[in-house]
Protein chains: 2
Amino acid sequence: MDHQEEKVKLFGMWASPYVLKVKWALSIKGVEYEYLEEDLRNKSDDLLEHNPVHKKVPVLLYHGKPVAESDVIVEFVDEAWSHRGGRILPGDPYERAMARFWVRFVHDKLSPPIWKWFTTAPGEDQEAARGASVEQLQVLEELLAVGGKEFFAGESVGLVDLSLGAMAYVVPMYEEIVGVRLVTEERFPSLSAWMGRFLGSPPVKDHPPPVERLIPRYRAMREAFLKMG
Amino acid sequence: MDHQEEKVKLFGMWASPYVLKVKWALSIKGVEYEYLEEDLRNKSDDLLEHNPVHKKVPVLLYHGKPVAESDVIVEFVDEAWSHRGGRILPGDPYERAMARFWVRFVHDKLSPPIWKWFTTAPGEDQEAARGASVEQLQVLEELLAVGGKEFFAGESVGLVDLSLGAMAYVVPMYEEIVGVRLVTEERFPSLSAWMGRFLGSPPVKDHPPPVERLIPRYRAMREAFLKMG
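Looking at an unreviewed UniProt entry, chain A carries the name glutathione transferase, with the source organism given as Hordeum vulgare subsp. vulgare. Chain A has a UniProt comment under Catalytic activity (unreviewed entry) that states "RX + glutathione = an S-substituted glutathione + a halide anion + H(+)". As stated in UniProt under Sequence similarities (unreviewed entry), the record for chain A gives "Belongs to the GST superfamily."

Shown next as structure tokens:
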């Protein structure tokens, strides 16, 4: 096999939480790769060729073959490098199913109301989105409290932590921009403690979220949504 | 271990395509189970206890432990009974990632416009939903044509076929109720042929979709949506 083909490449964009999630997964497994920054207003031919369905980052190129969709990439990374680095998914089939269940919960139930809350002006709609967010956050709070572990499925960062990971830095950023707290230590003690532990974990320290650069970007995004009404 | 605990139970509802998908997966693996029909207007305490997050069917009970979310259950069934019956996911990590990619495509990109098309009155909005549906169906048409296999990942029903499976009987039903064709043999030759093969495959013959009973139910659903405007 050509050495060039063996190389792993990651097509990403600095501000994408989905790309960061993949970087964290690759860090857990200790995989080396070439990182290619995309300009999403002028996507490269390579990106369009490798992800014609979604035309989005992240895309992982493995032996020249593309994998898209961050949750799919994370599971792939765990399986393709199953014998090295940390374990992202548990080994037990039931525990694996639970991890996948919570990944879908974050995607389908938690992220939409938090995004709605962030992109809505103060008022009835924002309050409703806040209520819906708090209700789903409460589910995770109980899950962590009952589990009694450092992370969602054990003592190191795994699949659910990675899926929820953006929340650890995105929610505080949203709170700063909106000027209202969503995840307080009083109401969400386990979740708040998890956020701190996650931000201090090895993969995240390896690729820290670029919060200072992200704040003006998200501020502009919120303003654009408010203008659209 | 108590014999009672070893038993597999499935909480379902006769009209749910998600429940049918799980029945097909259990059939592929040759797993015996007790089926419990739920009345969704009067959910059992067992269902609410086993799926407090979504309060929905299907729920699979395995050694007394619940698994919810049909796509999660299907992967669990494949892993929990990895050494019996057919293979639902391929063995190769890259092929597994591709299967998971297409499952998410069906969930995120294909199902929403088809449902929108079905629940919208004739006019501009329905035409837009039809256009969006056709665009995504075209992606699957090409995937099947290029793959050149009986099913999406080989010569027997696998993960992608199961996820897309409802389409094989739901789309013809929608077409009959709306009075317009969506998936014609001329435009979608590979997909049309797949629909026929899927409906004739062993798991589907084992648990055929109750089309005659479903038609009045879906007709009433469409009428309710049209009334709401």
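There's more to say after this.
(A) A look at the packing of aromatic side chains. Within the structure shown, the criterion is met by 32 aromatic pairs over all chains. An angle of 75 degrees between the planes, with centres 5.1 Å apart, marks the rings of W102(A) and F105(A) as edge-to-face. Taken together, the positions of W102(A) and F105(A), both in helix 5 (residues 93-118) and three residues apart, correspond to about one turn of that helix. Note on W194(A) and F198(A): the rings are 5.2 Å apart at their centroids and 25 degrees apart in plane angle, and the pair reads as stacked. Of the two residues, W194(A) and F198(A) are both situated in helix 8 (residues 189-199); the distance of four residues between them amounts to about one turn of the helix. You'll find W194(A) and F198(A) in the same group, each marked buried. Through pairs of rings, three or more aromatic residues link up here, namely W24(A), F152(A), Y169(A), W194(A) and F198(A). The ring of Y35(B) carries the charged tip of K23(B) above its face, separated from the ring centre by 4.0 Å. The ring of W14(B) carries R213(B) above its face, with NZ or CZ at 3.7 Å from the centroid.

(B) Structural context of a nonpolar patch on the surface. On the surface, a nonpolar cluster with roughly 310 Å² of combined accessible area is contributed by W115(B), F225(B) and M228(B). By relative accessible area, which is 31% here, W115(B) ends up partly exposed.

(C) The arrangement of the domain arrangement of chain A in detail. Residues and elements named next belong to chain A. Each assigned domain of chain A is listed with its residue range as follows: domain 1 (3-80) and domain 2 (93-228). The distance between the C-alpha centroids of domain 1 and domain 2 comes to 23 Å. Listed by partner, the interface residues are 16 residues for domain 1 and 21 residues for domain 2. At the boundary of domain 1 with domain 2, total buried surface from both sides reaches about 1,600 Å², with 64% on carbon and sulfur atoms. For the pair domain 1 and domain 2, the number of links is two salt bridges. In this structure, R96 and E79 form a salt bridge, with 3.7 Å as the shortest nitrogen-oxygen distance. For the pair domain 1 and domain 2, the interface holds four residue pairs in polar contact (both at pLDDT 80 or more). Secondary-structure elements contributing two or more residues to the side of domain 1 that touches domain 2 are helix 2 (17-29) and helix 4 (70-80).

(D) Geometry of the nonpolar core. Core analysis: the biggest nonpolar cluster contains 150 residues, and L191(A), W194(A), L191(B) and W194(B) have the highest contact counts within it. If we skip the residues at most four places from it in the chain, L191(A) touches L137(A), L140(A), E141(A), L144(A), F152(A), L164(A) and M167(A).

(E) Structural view of unusual backbone geometry. Residue and element names in this part refer to chain A. Omega for the peptide link from V57 to P58 comes to -5 degrees, which places this bond in the cis form. For P58, the location among the structural elements is in the loop between helix 3 (45-50) and strand 3 (59-62). If you check the backbone angles, H63 has positive phi at about 50 degrees while not being a glycine. With respect to the secondary-structure elements, H63 resides in the loop between strand 3 and strand 4 (65-68). The class for H63 is partly exposed, based on a relative accessible area of 26%.

Conventions used here
Residues numbered from 1 in each chain as written. Chains lettered and ligands numbered in written order. Predicted model: local features only at pLDDT ≥ 70, side-chain atom pairs only at ≥ 80, totals over all residues. Heavy atoms only, no water. UniProt positions renumbered as here; feature names shortened; annotations may be inferred. Phe/Tyr/Trp six-rings, centres within 6.5 Å; stacked < 30°, edge-to-face > 60°. Helix = DSSP H or I, 4+ residues; strand = E, 2+ residues; numbered from the N terminus. Buried < 20%, exposed > 50% of the residue type's maximum accessible area, 1.4 Å probe, protein only. Lys NZ or Arg CZ within 6 Å of the ring centre and 35° of its normal. Patch = residues over 30% accessible without salt bridge, like charges linked within 9 Å, V, L, I, M, F, W, Y side chains within 5 Å. Areas by Shrake-Rupley, 256 points an atom, 1.4 Å probe, with all protein chains shown as cover. Salt bridge = Lys/Arg side-chain N within 4 Å of Asp/Glu carboxyl O. Domains from an automatic or database assignment. Contact = heavy atoms within 4.5 Å. Buried area = accessible area lost by both parts, 1.4 Å probe. Polar contact = N/O pair within 3.5 Å; in protein donor to acceptor, adjacent residues only side chain to side chain. Core = buried A, V, L, I, M, F, W, Y, C linked by side-chain atoms within 4.5 Å.

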